[in-house]
Amino acid sequence: IKENKDPALPQNSPIRFTVSTQNPAKTPDVTDNYWKVQHKRGNIIRSSHVSQSWRINPQLRFVDVLLVGSKLAAGAVSEMLVKFTTVSKADTMKLQALFPTQFNFGKAIVISAYVIDRQQSEGNTIVVNRLNMAAGDPIELRINSVR
């Protein structure tokens, strides 16, 4: 960009730059999740545009999934312990066993304070509701009757 020339940048020329940033722990409210760009000369706005930002998918920290039952053989019915720390508030956990492919949560049981969503849980996927997790909470969820 040649500031001392008029125009400083030829019309329809792209401007490319990099911004170093850190995502927030959760997606901002829809009214706050935008990027605003202004082209100014002095205090005069020559042009501007607003663009919607991306959705933040919070990460889990310190994740560990352990087979803890007394029966550890392939095909045996056993118990799992799922441990993680939340980054933001949540009530639902979805766990999908990718390998071995024979994992089955069809008859899984969790403590009565939690509820398995039987509509969304199938085969190697389990969805557990009513976990009431606050940001930063370390969670330990025992899942019984896993095959």
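Computed from a prediction, not measured in an experiment: that's the story for all the values here. (Residues numbered from 1 in each chain as written. Predicted model: local features only at pLDDT ≥ 70, side-chain atom pairs only at ≥ 80, totals over all residues. Heavy atoms only, no water.)

Asks: Please clarify how the confidence of the model for the protein should be interpreted in this entry.
Replies: Within the protein, residue pLDDT values average 88, and 99% of them lie at 70 or more. Within the protein, strand S7 (residues 125-129) carries the highest mean pLDDT (95), whereas strand S1 (residues 34-41) carries the lowest (89). (pLDDT = per-residue confidence, 0-100. Helix = DSSP H or I, 4+ residues; strand = E, 2+ residues; numbered from the N terminus.)

Asks: Before we go on, may I ask you to explain the pattern of salt bridges in this structure?
Replies: Close approach of charged atoms allows side chains of opposite charge to pair. For the structure on display, the rule yields 2 salt bridges. With a closest N to O distance of 3.9 Å, Asp91 and Lys89 form a salt bridge. For Asp91, a relative accessible area of 36% corresponds to the partly exposed category. Classification of Lys89 by relative accessible area gives exposed; the value is 59%. (Salt bridge = Lys/Arg side-chain N within 4 Å of Asp/Glu carboxyl O. Buried < 20%, exposed > 50% of the residue type's maximum accessible area, 1.4 Å probe, protein only.)

Asks: Looking at this model, I keep getting lost on the side chain of Ser78. Mind explaining?
Replies: Examined against the element boundaries, Ser78 turns out to sit in strand S4 (residues 78-85). We classify Ser78 as buried; its relative accessible area is 6%. Setting aside residues up to four positions removed in sequence, Ser78 forms contacts with Leu67, Gly69, Ser70, Lys71, Leu72, Ile143, Asn144, Ser145 and Val146. (Contact = heavy atoms within 4.5 Å.)

Asks: What am I meant to see in the sheet that holds S4 here?
Replies: Sheet strands pair via backbone hydrogen bonds, and the direction of the pair is either parallel or antiparallel. Read across the sheet, 3 strands follow the order S3-S4-S8 without closing on themselves; strand pairing throughout is antiparallel. Each having just a single partner strand, strand S3 (61-67) and strand S8 (138-146) make up the two edges of the open sheet. Sheet twist, expressed as the mean angle between neighbouring strand axes with direction ignored, is 10°. (Pairing = 2+ DSSP bridges. Axes fitted to C-alpha atoms, helices over the stretch in contact; angles between N-to-C directions.)

Asks: So what exactly am I meant to see when it comes to the environment of Val65 here?
Replies: Secondary-structure assignment places Val65 in strand S3. Val65 sits in the partly exposed class, given a relative accessible area of 40%. Val65 sits 16 residues away from Leu81 along the chain, and the two C-alpha atoms are 5.8 Å apart. Sequence-distant contacts of Val65, defined by excluding residues within four places in its chain, comprise Met80, Leu81 and Val82.

Asks: Got a minute to help me understand the nonpolar core in this structure?
Replies: Met93, Leu95, Phe105, Ile126, Val128, Leu141 and Ile143 are the most contacted members of the largest nonpolar core, which totals 19 residues. Per-element tally for this core: the top contributor is S8, with 4 residues. (Core = buried A, V, L, I, M, F, W, Y, C linked by side-chain atoms within 4.5 Å.)

Asks: When you look at the environment of Asp137 in this model, what are you seeing that I'm missing?
Replies: Assignment of secondary structure puts Asp137 in the loop between S7 and S8. Separated by 86 residues in sequence, Asp137 and Ser51 place their C-alpha atoms 34 Å apart. Excluding anything up to four places from it in sequence, Asp137 contacts Phe84, Thr85, Thr86 and Asn132.

Asks: Help me understand the side chain of Ser88, please; the structure alone is not making it clear to me.
Replies: Position of Ser88 among the secondary structure elements: in the loop between S4 and strand S5 (93-96). Apart from residues no more than four positions distant in its own chain, Ser88 is found in contact with Ala25, Lys26, Pro58, Met133 and Ala135.

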